Amino acid sequence: PMSKVYATPGVYIEEKSAFPNSAVPVATAVPAFVGYTEKAVLNKKDITNVPTRISSFGEYLLYFGEGPKTIYTIAESEDRNKVYELNAKNKRFYLFQCMKLFFANGGSDCYIVSIGNYDNGIQAADFDGEKPDENEPGVNKLIGLKALLKEPEPTMVVMPDAVSLEEEDCYALQQKMLLHCGSEMRSRVAILDVYDGFKKRIRGDDSDVVTRFRTGIGANFLQWGAAYYPWVHTTITGAEEVDFTSIDKDTTEVLIKILTAEVDDATKEGVLDPNRAEKILDEIGNLAALNTIAGLDVGAAEAA
């Protein structure tokens with residue numbers, strides 16, 4: 001290194017510390033995610049409602065599995081800028097997509113509390129409370145939010161699946177989150193989602209989503225929470241994850257109509273070779289039969 005240049009001549013003593021910095025960096029933002037997962041298994045043991053610390057998306061997949069299979073309805077769009085619209089037919093599970101975004105944006109250490117799998121739908125009682133412990137008769141097991149009472153490390157609580165509850169149930173749960181953070185723990189904050197936060201604001205109207213949210217969460221412990229609006233529009237779900245089996249079989253005819261129209265238009269414009277177009281139309285015609293087979297397979301699995 002370059003020698004220091006001193007302003008006046010003389011003898012100078014430079015002291016150097018023989019010991020490293022005693023201030024050890026620690027994580028100051030450790031979120032705890034509560035929601036539904038495909039599975040909850042660690043070392044062959046069930047970890048449902050057991051706060052589990054992970055530090056990578058790989059660990060999440062290993063312990064909690066993949067995301068849910070979302071079924072969409074398809075309809076021709078009234079918007080001139082769109083050909084069609086996809087809408088989820090069933091209640092959405094959001095935790096898996098949130099974990100993908102969390103780790104894709106630099107997230108690291110966090111806690112996961114799985115409150116059940118995707119099979120039984122979304123129930124308000126799964127998010128907070130107690131239930132009999134199957135392994136210890138006479139003992140109640142803390143579930144969901146209450147399971148975090150014994151964990152001092154998390155500094156934030158996030159419940160992405162809460163917005164799939166009925167509106168009043170969502171607000172009631174968010175009030176419990178604020179109570180948990182501001183009264184029971186006093187060491188963490190609640191990250192809240194605005195119910196129906198994908199909708200545009202209607203200022204001055206009682207149906208405005210932000211106005212309803214502010215009324216719904218009450219007036220207690222508000223300094224212990226943070227809310228975000230609007231919802232993030234993202235392409236976290238790739239095109240390869242949505243195929244014809246993701247379309248509700250009752251709307252397959254609409255899908256066939258849309259695809260057939262696109263092939264016809266491409267052929268007329270000279271973009272698509274007629275012979276190639278004919279083969280594509282044959283494949284499109286098979287969608288109805290394939291969808292029926294897929295529906296039968298699902299039905300057989302459910303019956304079994």
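Caption draft 1: Representation of helix α6 (residues 274-285). For α6, spanning twelve residues, the distance from its first C-alpha to its last is 16 Å, which sits close to the expected 16 Å at 1.5 Å a residue. The N-terminus of α6 is capped by D273, whose side-chain oxygen sits 3.0 Å from the backbone nitrogen of N275.

Caption draft 2: Molecular detail of a nonpolar patch on the surface. Among the surface-exposed residues, V83, Y84 and L86 lie close enough to one another that they form a single nonpolar patch of about 250 Å² accessible area. Topologically, L86 is positioned in strand β6 (residues 84-88).

Caption draft 3: Main features of the side chain of E167. Here E167 is to be found in helix α3 (residues 167-185). At 2.8 Å, the side chain of E167 and the side chain of Y171 are in polar contact. Every residue in contact with E167, bar those within four places of it in the chain, is listed here: Y195 and R212.

Caption draft 4: Looking closely at the confidence of the model for the protein. This prediction gives the protein a mean pLDDT of 86; 89% of its residues lie at or above 70. The weakest mean pLDDT in the protein belongs to helix α7 (residues 287-303) at 50; the strongest belongs to strand β7 (residues 110-114) at 98. Scored below 50 in pLDDT, residues 293-304 makes zero contacts in the model with residues more than four places away or belonging to other chains.

Caption draft 5: View of the pairing of strand β12 (residues 225-228). Where strand β11 (residues 189-193) and β12 come together, four bridges link them in parallel fashion. The residue of β12 that forms the bridge with I191 is A226. Regarding the hand of the β-α-β motif, the stretch spanning β11, helix α4 (residues 209-216) and β12 is right-handed.

Caption draft 6: Region of the structure containing the packing of aromatic side chains. Under the criterion given, the structure shown has 14 aromatic pairs. Centre to centre, the rings of F33 and F102 are 5.2 Å apart; their planes meet at 65 degrees, and the pair counts as edge-to-face. Placement of the pair is F33 in strand β1 (residues 31-35) and F102 in helix α2 (residues 95-104), with a sequence separation of 69 residues. By relative accessible area, F33 is classed as buried at 6%. When its relative accessible area of 19% is taken as the criterion, F102 is described as buried.

Caption draft 7: Just helix α1 (residues 57-64), in detail. The complete set of buried residues in α1 reads Y60, Y63 and F64. End-on, the buried residues of α1 take up no more than an arc of 80 degrees, which puts them together on one face. Buried residues in α1 make contact with β2 (41-42), β4 (52-54), α2 and β7. After α1 finishes, the residue G65 shows a positive phi value of roughly 85 degrees.

Caption draft 8: Layout of the side chain of D248. Examined against the element boundaries, D248 turns out to sit in the loop between β12 and α5 (252-268). By relative accessible area, D248 is classed as buried at 9%. When residues no more than four places from it in sequence are discounted, the contact partners of D248 are I71, Y72, T73 and K89.

Caption draft 9: Looking closely at the packing of α5 against α6. Between α5 and α6, the least distance of the axes is 10 Å, while the angle of their chain directions is 180 degrees. Looking at the two axes, α5 sits roughly antiparallel to α6. Counting all contacts with α5, which are made through I256, L259, T260, V263, D264 and T267, the residues of α6 involved are P274, A277, I280, L281 and I284. The residue inventory of the contact of α5 with α6, partitioned by class, reads eight nonpolar, two polar and one charged.

Caption draft 10: The arrangement of a negative patch on the surface in detail. Together, E262, D264, D265 and E269 make up a region of like negative charge exposed at the surface. Relative to the assigned elements, E269 resides in the loop between α5 and α6.

About the cut-offs
Residues numbered from 1 in each chain as written. Predicted model: local features only at pLDDT ≥ 70, side-chain atom pairs only at ≥ 80, totals over all residues. Heavy atoms only, no water. Helix = DSSP H or I, 4+ residues; strand = E, 2+ residues; numbered from the N terminus. Expected span 1.5 Å × (residues − 1). Polar contact = N/O pair within 3.5 Å; in protein donor to acceptor, adjacent residues only side chain to side chain. Patch = residues over 30% accessible without salt bridge, like charges linked within 9 Å, V, L, I, M, F, W, Y side chains within 5 Å. Areas by Shrake-Rupley, 256 points an atom, 1.4 Å probe, with all protein chains shown as cover. Salt bridge = Lys/Arg side-chain N within 4 Å of Asp/Glu carboxyl O. Contact = heavy atoms within 4.5 Å. pLDDT = per-residue confidence, 0-100. Pairing = 2+ DSSP bridges. Right-handed = clockwise from strand over helix to strand, strands pointing away. Phe/Tyr/Trp six-rings, centres within 6.5 Å; stacked < 30°, edge-to-face > 60°. Buried < 20%, exposed > 50% of the residue type's maximum accessible area, 1.4 Å probe, protein only. Arc of directions from axis to C-beta. Axes fitted to C-alpha atoms, helices over the stretch in contact; angles between N-to-C directions. Parallel < 35°, antiparallel > 145°, perpendicular 65-115°, else oblique. Nonpolar A, V, L, I, M, F, W, Y, C, P; charged D, E, K, R; others polar. Lys, Arg positive; Asp, Glu negative; His and termini not counted. Charge placed at Lys NZ, Arg CZ, Asp CG, Glu CD.

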